[in-house]
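# Secondary and tertiary structure notes
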There are 2 protein chains.
Amino acid sequence: MQNSKDTKVFKIDYDRPTSQQLFDLLRDEIVAMVLPPGEKLSENSLSDRFGVSRTPVREAIAKLVTLGFVEVRPQRGTFVSKLSMTQILEARFIREALEVAITEHVAGHAPPELVAECEVIIDRQHEAAEQQDALLFQHLDDEFHQKLADCTHFERAAGLIQSEKAHMDRVRNLSLQELGGQYERVLEQHRAILEGIKAAKPDICREAMRTHTREILTILSKVQSMHPDYFEQHSADSEVTPQFTG
Amino acid sequence: MQNSKDTKVFKIDYDRPTSQQLFDLLRDEIVAMVLPPGEKLSENSLSDRFGVSRTPVREAIAKLVTLGFVEVRPQRGTFVSKLSMTQILEARFIREALEVAITEHVAGHAPPELVAECEVIIDRQHEAAEQQDALLFQHLDDEFHQKLADCTHFERAAGLIQSEKAHMDRVRNLSLQELGGQYERVLEQHRAILEGIKAAKPDICREAMRTHTREILTILSKVQSMHPDYFEQHSADSEVTPQFTG
DNA sequence: TGTTAAATACTTGTATACTAGATCCGAAAA
DNA sequence: TTTTCGGATCTAGTATACAAGTATTTAACA
């Protein structure tokens, strides 16, 4: 184990179920690439690390499996899923479908305050772009989309978007600096979506959102060539043993 | 307990994990309304019924919770989720978003054999309609949509559609006989979608699929008035469900 | 009879023990 | 040196035991 170096020791509080806290922690660490793709996640090791029994660990892992972040090979081990081009493209597809549907829906039912709130976000994104603050910029991007989703009151749809987006965030977090030239383009996409909403034109929204959700495609192959070891080998013959940097 | 009357005793085979078998069984029974909304699902009772320990039962229940079929109230009990108008409308919304995206995608990339296979399904649906076989008709409807989804090779999207549709199937299974007058209308919708695919016109597909996925709305309020006890009472102090959608 | 309080029988959450199978590593054999 | 075999040690899956909180029932009291 390399706990003391790569991972922090977290306190478990007793207000929320342990398994839920573990789920949140592990998901965040996976998305943030603290737990890199292919990393072994032994249930026993996790139990030791968090000072809990295997039961809540298993429940957290089960949820991560259903979301595709973790892979369990019976009697062999549990591993952080490697990045898969297929999976990422599908996550993008699902996200586009839901985001498009949401923005079309919002275009017809936008409360006045929504537009104002989105404009504030866009302004703040402009500032973040000027200061080259990629992390803040991405956070505000999330906020923008969350605002639209909230407007529909479809909580589950918003949750699905979040979990699909998380797969893409793993890629994004590998290339935050690559975002450089894209600030203005992304900002313009947000503005276009908002214009469609203000004009109550679902067609405009749809096309603008499509363009926006396809932005990830511009960096995908570059990231893959930069970090081939994080990606699944889809030749199926050569299985790379999980790396231990002990 | 009313086991001997309403529920069958299932054999657990030892090829697949017990928890997964339990998940499938319970989900099917919930969708089929064998386990009606509001039914108490004691972990101990389920353990006894299936002759297994609580551990796999809990894992199955955890999955059902993430899909919204089951509600766990800590230290109080586990219950089959009541039908919720909000939840059903949202499931329909998500399904429409994904089905529309899929059919638009297929309209551009349809392999020749797909059209032929879909036409066979439509023919069989025509026969099922003539024989008033609602169950078969609905099964063929599933098959039609599955064919389109398979064509995209987006397995997760297909899975999401399935699980969202399951919420609507609970409603459908309460009013199978109500389907009577809808056979021809639904058939015509399938034909319209297929025409759009054959013509490689995503716009046609989109509108046809939208119409199709909104069919459920025609029976929704009727079902609610027929079975008010199966629906959630959405009084003002509606409690936020603690499930985390991830 | 009506009300309150203690006792009992539930519930889920967590910890631990055990099982069967997979992997790894070293020793023995060719 | 290479190959094979066997045991030690991993793994996840399952069963059981315990803890803590809730609901219901019962009993005592007014």
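Residues numbered from 1 in each chain as written. Chains lettered and ligands numbered in written order. Predicted model: local features only at pLDDT ≥ 70, side-chain atom pairs only at ≥ 80, totals over all residues.

Under an unreviewed UniProt entry, chain A has the name GntR family transcriptional regulator and belongs to Neptunicella marina.

For the rest of this paragraph, the subject is unusual backbone geometry. For Gln75(A), which is not a glycine, the phi torsion comes out positive at approximately 60°. For Gln75(A), the location among the structural elements is in the loop between strand E1 (70-73) and strand E2 (77-80). (Helix = DSSP H or I, 4+ residues; strand = E, 2+ residues; numbered from the N terminus.)

What follows concerns the protein's contact with DNA strand D. Of all residues adjacent to DNA strand D, which total 19 residues, the nearest are Ser42(A), Thr78(A), Thr18(B), Val52(B) and Ser53(B). Within the residue set of the surface near DNA strand D, elements represented by two or more residues are helix H3 (43-50) and E2 of chain A together with helix H2 (18-31) and helix H4 (54-66) of chain B. Across the surface near DNA strand D, the residue classes tally to five nonpolar, eleven polar and three charged. (Near = placed C-beta within 6 Å. Nonpolar A, V, L, I, M, F, W, Y, C, P; charged D, E, K, R; others polar.)

What follows is about the relation of the copies chain B and chain A. The pair of chain copies shares a relation made of a rotation about an axis and a shift along it. Note on the identical chains: chain B maps onto chain A by a rotation of 180° and an axial translation of 0.1 Å, with an RMSD of 0.1 Å. The superposition operator between the copies reduces to a two-fold rotation axis. Among all residues of chain B, the minimum C-alpha distance to the rotation axis is found for Ala97(B), at 2.7 Å. Mapped onto chain A, 83% of the interface residues of chain B again fall at the interface, so both copies present the same surface. (Least-squares fit on C-alpha atoms with pLDDT ≥ 70 in both. Contact = placed C-beta atoms within 7 Å.)

This brings us to the packing of helix H5 (residues 85-109) of chain B against helix H7 (residues 134-152) of chain B. All names here are of chain B. Relative orientation of the contacting elements H5 and H7 amounts to 65°, with a least axis distance of 9 Å. The two elements H5 and H7 cross, and the hand of that crossing is left-handed. Listed contacts from H7 to Glu99, Ile102, Thr103, His105 and Val106 of H5 are His145, Leu148, Ala149, Cys151 and Thr152. Broken down by class, the residue content of the contact of H5 with H7 amounts to five nonpolar, four polar and one charged. (Axes fitted to C-alpha atoms, helices over the stretch in contact; angles between N-to-C directions. Left-handed = near helix turned anticlockwise from the far one by under 90°.)

What follows is about the domain arrangement of chain A. Residues and elements named next belong to chain A. Under the domain assignment used here, chain A contains domain 1 (3-81) and domain 2 (85-225). Computed from C-alpha atoms alone, the centre-to-centre distance between domain 1 and domain 2 is 28 Å. Each partner contributes residues to the interface: domain 1 has five residues there, and domain 2 has eight residues. In terms of residue class, the side of domain 1 that touches domain 2 is made up of four nonpolar, one polar and no charged. (Domains from an automatic or database assignment.)

We now examine the pairing of E2(A). What you see with E2(A) is a clean split: Thr78(A) and Val80(A) sit on the buried side and Gly77(A) and Phe79(A) on the side with no burial. As consecutive antiparallel partners, E1(A) and E2(A) are separated by three residues, and within that stretch Gln75(A) has a phi angle of approximately 60°, a positive value. (Buried ≥ 20, exposed ≤ 12 C-beta atoms within 10 Å, placed from the backbone. Pairing = 2+ DSSP bridges.)

Residue-level contacts link 18 residues of chain B with 19 residues of chain A. Listing elements by their share of the side of chain B that touches chain A, those giving two or more residues are H4, H5 and helix H8 (155-172) of chain B. The residue inventory of the side of chain B that touches chain A, partitioned by class, reads ten nonpolar, three polar and five charged.

Here we come to the environment of Ile121(B). All names here are of chain B. Secondary-structure assignment places Ile121 in helix H6 (residues 112-130). Spatially, the C-alpha atom of Ile121 lies 9.7 Å from that of His190, the residues being 69 residues apart in sequence. Sequence-distant contacts of Ile121, that is, excluding residues within four places in its chain, are made with Leu140, Glu143, Phe144 and Lys147.

On to the environment of Gln146(B). Along the chain, the position of Gln146(B) falls in helix H7. The spacing of Gln146(B) and Ile61(B) is 85 residues in sequence and 26 Å in space, taken between C-alpha atoms.

As recorded in UniProt, the feature "domain: HTH gntR-type" (unreviewed entry) lies at residues 16-83 of chain A. Summarising residues 16-83 of chain A: 53% helix, 12% strand, and an end-to-end C-alpha distance of 31 Å. (UniProt positions renumbered as here; feature names shortened; annotations may be inferred.)

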